[in-house]
Amino acid sequence: DAAHTEMWEKLNLDISAHDGLLEVLGKFYGDIYLSQENRLKGMEYLDFVLSEVHGLRIKELQDAKAAGKKIIGTFCVFVPEELTLAANAVHVGLCSGADAGTDEAEKLVPRNTCALIKSFIGFKLARLCPFTESCDLVVGETTCDGKKKAYEAFGKLVPMHVMEVPQTKTMDAKQLFKSEVLRYKDTLEELTGVEITAENLQKAISIVNEKRRALQRLSRLRAADPAPISGRDALLINQVSFYDDPERFTQSINTLCDQIEERIAQGDGVVPAGTKRLLLSGCPMAVPNWKLPYVMESSNAVIVGEESCIGSRNTRDLVDESADTIEGMIDALVERYMKIDCACFTPNDERMVNVANMVNELNADGVIHYALSFCQPYAHEAIKMQEVLSEKDIPMLSVETGYSMEDVEQLKTRVEAFVEML
Ligand code: BJ8
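Here the structure is a predicted model, which is why all the values come from computation and not from measurement. (Residues numbered from 1 in each chain as written. Predicted model: local features only at pLDDT ≥ 70, side-chain atom pairs only at ≥ 80, totals over all residues. Heavy atoms only, no water.)

Trainee: Explain the overall build of the protein to me, using residue names and the numbers behind them.
Mentor: A tally of helices and strands in the protein yields 19 helices and 8 strands. The C-alpha atoms of the protein give a radius of gyration of 21 Å, which matches the 22 Å a tight globule of 422 residues would have. On the principal axes, the C-alpha backbone points of the protein span a range of 55 × 50 × 45 Å. In the protein, which comprises 422 residues, the share counted as buried stands at 57%. Sequence-distant contacts in the protein: of pairs separated by 6 or more residues, those separated by 24 or more amount to 75%. When the accessible area of the protein is evaluated, it comes to approximately 17,500 Å², of which 51% is carbon and sulfur surface. In the protein, the 45 positive side-chain charges and the 67 negative ones have mean positions that sit 1 Å from each other. (Helix = DSSP H or I, 4+ residues; strand = E, 2+ residues; numbered from the N terminus. Rg over C-alpha atoms; globule rule 2.2 N^0.38 Å. Buried < 20%, exposed > 50% of the residue type's maximum accessible area, 1.4 Å probe, protein only. Contact = heavy atoms within 4.5 Å. Areas by Shrake-Rupley, 256 points an atom, 1.4 Å probe, with all protein chains shown as cover. Lys, Arg positive; Asp, Glu negative; His and termini not counted. Charge placed at Lys NZ, Arg CZ, Asp CG, Glu CD.)

Quick look at the structure:
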């Protein structure tokens, strides 16, 4: 509507390109989401949030800014949301799940860079993302080579802070990460003028833990057969968890989980009992990267878990809440964040253990490993995971793909053949 357009103009978006994006997104969402049968009533909240993701949610961010709050954008689950919230700032994940401005982006990063990186650069250069344009600070991190080098170019386009994330989990590495957590705390305090205290940090830790608890509850409920919720919907929930207001989000997910419990008690599901169950494992899937989940769930299978940063890798571990001093809380944050089993670490054996555990807990019949094309860390781990899982007789299919729709048919043929042999 007119008020939204005015807001987008103020954010200096390219209005006609942005209109085009929303149209494509709306159509894509209709085909992949709204066409599903037996959807839970509680998903209406998610449909609403998604339909207003560039509208009402951006309005909320603008209102927050007008009230003096700062907006922090992130690309990785290593950036502690707890500190952002403690500094009374808003923490949002910047999506990067669609091709946009690719030609321009390829002037700043090599062509053989993963689609996620090209996407956040392309969205910025094409002036398409109201979240990026709303940010007072974007926080990057030294995870994969692609991202850390891309931030050198991206940092010329937006105000940036880059956290050094270590590549191993030794005591020294933890110490390094702790100093980076403290440096991020200082940066936030300077930006917001808010001092991070034991009191506001404790509250923030509890808010984020509650969000993770609600998502853990959702994950556990997906062990039921028939599957009570589609993988697409569960992915959407995890995606929305990165930009919705955390307390409102937690409440709506708990309401949705109540509905799921009722459904399970009645023996109902989104698919018939006995439908083949798949675990999706690998790179994060940012909005609107729904291609592979859609292909999987149109191949006589249902996704029962996402081993990904937009999924269990972000929700599995909670921050210990027993500390009552700021030092103790910072240590608890460091402990928790250094458990993340990102493929950028070496070694990263715990990820293999976590995937096998998820297969068991969720009664999955097989794993589809997903690496974005040109993503070195996850492509390496695909090979390792194939080995580890085959020793346990867990079937796995390794998929490498980007955001384009060109390979949908080919993917479908491979996924169908995999499901058939389960
Ligand atoms: S903690 S997974 S969010 S780094 S797909 S940009 S790895 S080349 S996203 Fe990640 Fe943090 Fe790790 Fe999670 Fe590089 Fe691969 Fe691209 Fe990737």
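Trainee: Lay out the site of the ligand in plain terms, naming residues and giving numbers.
Mentor: By nearness alone, 17 residues border the ligand, and Cys114, Cys144, Cys309, Cys342 and Cys375 come closest of all. For the shell around the ligand, a count of residues per class yields 14 nonpolar, 1 polar and 2 charged. There are two domains that each give the shell around the ligand at least three residues, and those are domain 1 (2-194) and domain 2 (201-319 + 324-333 + 340-420). (Near = heavy atom within 4 Å. Nonpolar A, V, L, I, M, F, W, Y, C, P; charged D, E, K, R; others polar. Domains from an automatic or database assignment.)

Trainee: Please set out the pairing of strand 6 (residues 301-307) residue by residue, giving values where relevant.
Mentor: Extensive coverage of strand 6 is indicated by the burial of 7 of its 7 residues. Pairing between strand 5 (residues 276-282) and strand 6: 6 bridges, direction parallel. Paired with Leu278 across the bridge in strand 6 is Ile303. (Pairing = 2+ DSSP bridges.)

Trainee: Outline the sheet that holds strand 3 (residues 137-141), listing residues and values.
Mentor: Sheet architecture is open: 4 strands sit in the order 2-1-3-4, paired in parallel fashion. Edge strands, defined here as strands with exactly one partner in the open sheet, are strand 2 (90-93) and strand 4 (160-163). Pairs of neighbouring strands in the sheet enclose a mean axial angle of 25°, with direction left out of account. Of the pairings in the sheet, the one linking strand 3 to strand 4 comprises 4 bridges and is parallel in character. Across the sheet, Gly140 pairs through a bridge with Val162, a residue of strand 4. Strand contacts of helix 4 (residues 56-66): strand 1 (71-74) and strand 2, with the helix running at about 145° to strand 2, the strand carrying the most contacts. (Axes fitted to C-alpha atoms, helices over the stretch in contact; angles between N-to-C directions.)

Trainee: Residue-level account of helix 1 (residues 2-10), with values.
Mentor: Those residues of helix 1 that fall on the buried side of the exposure criterion are His4, Met7 and Trp8. What you see down the axis of helix 1 is that its buried residues fit within an arc of 100°, all on one side. Turned more than 90 degrees from where helix 1 packs its buried face, Ala2, Ala3, Glu9 and Lys10 sit exposed. Turning to helix 1, the residues buried within the fold contact helix 2 (15-34), helix 4 and helix 8 (130-134). (Arc of directions from axis to C-beta.)

Trainee: Pulling in residues and values, what's your account of the nonpolar core?
Mentor: In this structure, Ile237, Trp290 and Ile368 are the most contacted members of the largest nonpolar core, which totals 128 residues. Looking at this core element by element, the count peaks at 9 residues for helix 11 (residues 198-221). Looking at this core, you find at least three residues from each of domain 1 (2-194) and domain 2 (201-319 + 324-333 + 340-420). When near neighbours in sequence (up to four residues on either side) are disregarded, Trp290 contacts Phe28, Tyr29, Ile32, Tyr33, Leu50, Leu235, Leu236 and Gln239. Counting residues in each nonpolar core, the second largest holds 16 residues, with Ala227, Leu279, Val302 and Ile394 among its members. (Core = buried A, V, L, I, M, F, W, Y, C linked by side-chain atoms within 4.5 Å.)

Trainee: I'd like a description of the domain arrangement of the protein, backed by residues and values.
Mentor: By the assigned domains, the protein splits into domain 1 (2-194) and domain 2 (201-319 + 324-333 + 340-420). With 55 residues of domain 1 in contact, the opposing surface of domain 2 contributes 58 residues. Across the interface of domain 1 and domain 2, roughly 5,000 Å² is buried in total on both sides, 69% from carbon and sulfur atoms. Looking only at domain 1, the three residues that lose the most surface to domain 2 are Leu40, Val77 and Glu82, adding up to 14% of its buried area. For the pair domain 1 and domain 2, the interface holds 6 salt bridges. Of the charged contacts in the structure, one is a salt bridge between Lys178 and Asp331, with a shortest N-O distance of 2.9 Å. For the pair domain 1 and domain 2, the interface holds 22 residue pairs in polar contact (both at pLDDT 80 or more). (Buried area = accessible area lost by both parts, 1.4 Å probe. Salt bridge = Lys/Arg side-chain N within 4 Å of Asp/Glu carboxyl O. Polar contact = N/O pair within 3.5 Å; in protein donor to acceptor, adjacent residues only side chain to side chain.)

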